[in-house]
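Observations on the three-dimensional arrangement
Listed below, chain by chain, are the residues.
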Amino acid sequence: QVQLVQSGGGLVQPGGSLRLSCAASGFTFSSYAMSWYRQAPGKERELVAAITSGGGTLTYAAFVKGRFTISRDNAKNTVYLQMNSLKPEDTAVYYCKVHLELRGDYWGQGTQVTVSS
């Protein structure tokens with residue numbers, strides 16, 4: 001079955017960095033775009049970044065552009081989110097997601113990122 005297992009995250013001071021990982025299984029990882037979303041308390045889930053199957057096209061939300069980098073390693077079936085210059089407003093639960101044709105959306109379990117001094 002499809003599984004997305006996240007790791008990384010935690011507590012970091014403003015200006016710090018974290019890297020999130022999302023290991024995929026149960027589908028042909030190299031054939032699908034992957035994305036990262038986040039959801040802050042009391043807010044709707046929002047797109048953070050996306051990457052095409054081959055990694056050639058990257059998309060970022062305006063609020064993370066220049067600070068976050070999405071990447072993937074198709075040999076390891078893993079997508080990453082490198083987060084630099086973190087701000088308190090980046091505090092949220094972060095999720096990786098894949099949309100599979102005819103099967104729908106699958107989400108990782110979520111990872112808490114807290115930016116606080």
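Everything discussed here concerns the structure shown above.
In what follows, the accompanying structure is described. (Residues numbered from 1 in each chain as written. Predicted model: local features only at pLDDT ≥ 70, side-chain atom pairs only at ≥ 80, totals over all residues. Heavy atoms only, no water.)

1. Focus: the state of the cysteines
Scanning all chains against the criterion turns up one disulfide. Note that Cys 22 is cross-linked by a disulfide to Cys 96, the S-S spacing being 2.1 Å. Note on the Cys 22 and Cys 96 pair: the S-S dihedral is about 65 degrees, so by sign convention the disulfide is right-handed. Placement of Cys 22 in strand E3 (residues 18-25) and of Cys 96 in strand E9 (residues 92-100) is noted, with a sequence separation of 74 residues between them. (Disulfide = S-S within 2.5 Å. Helix = DSSP H or I, 4+ residues; strand = E, 2+ residues; numbered from the N terminus.)

2. Section: the environment of Arg 19
In this structure, Arg 19 sits in strand E3. Here Arg 19 falls in the partly exposed class, since its relative accessible area comes to 48%. Considered as a pair, Arg 19 and Gly 8 are eleven residues apart in the sequence and their alpha carbons are 6.0 Å apart. (Buried < 20%, exposed > 50% of the residue type's maximum accessible area, 1.4 Å probe, protein only.)

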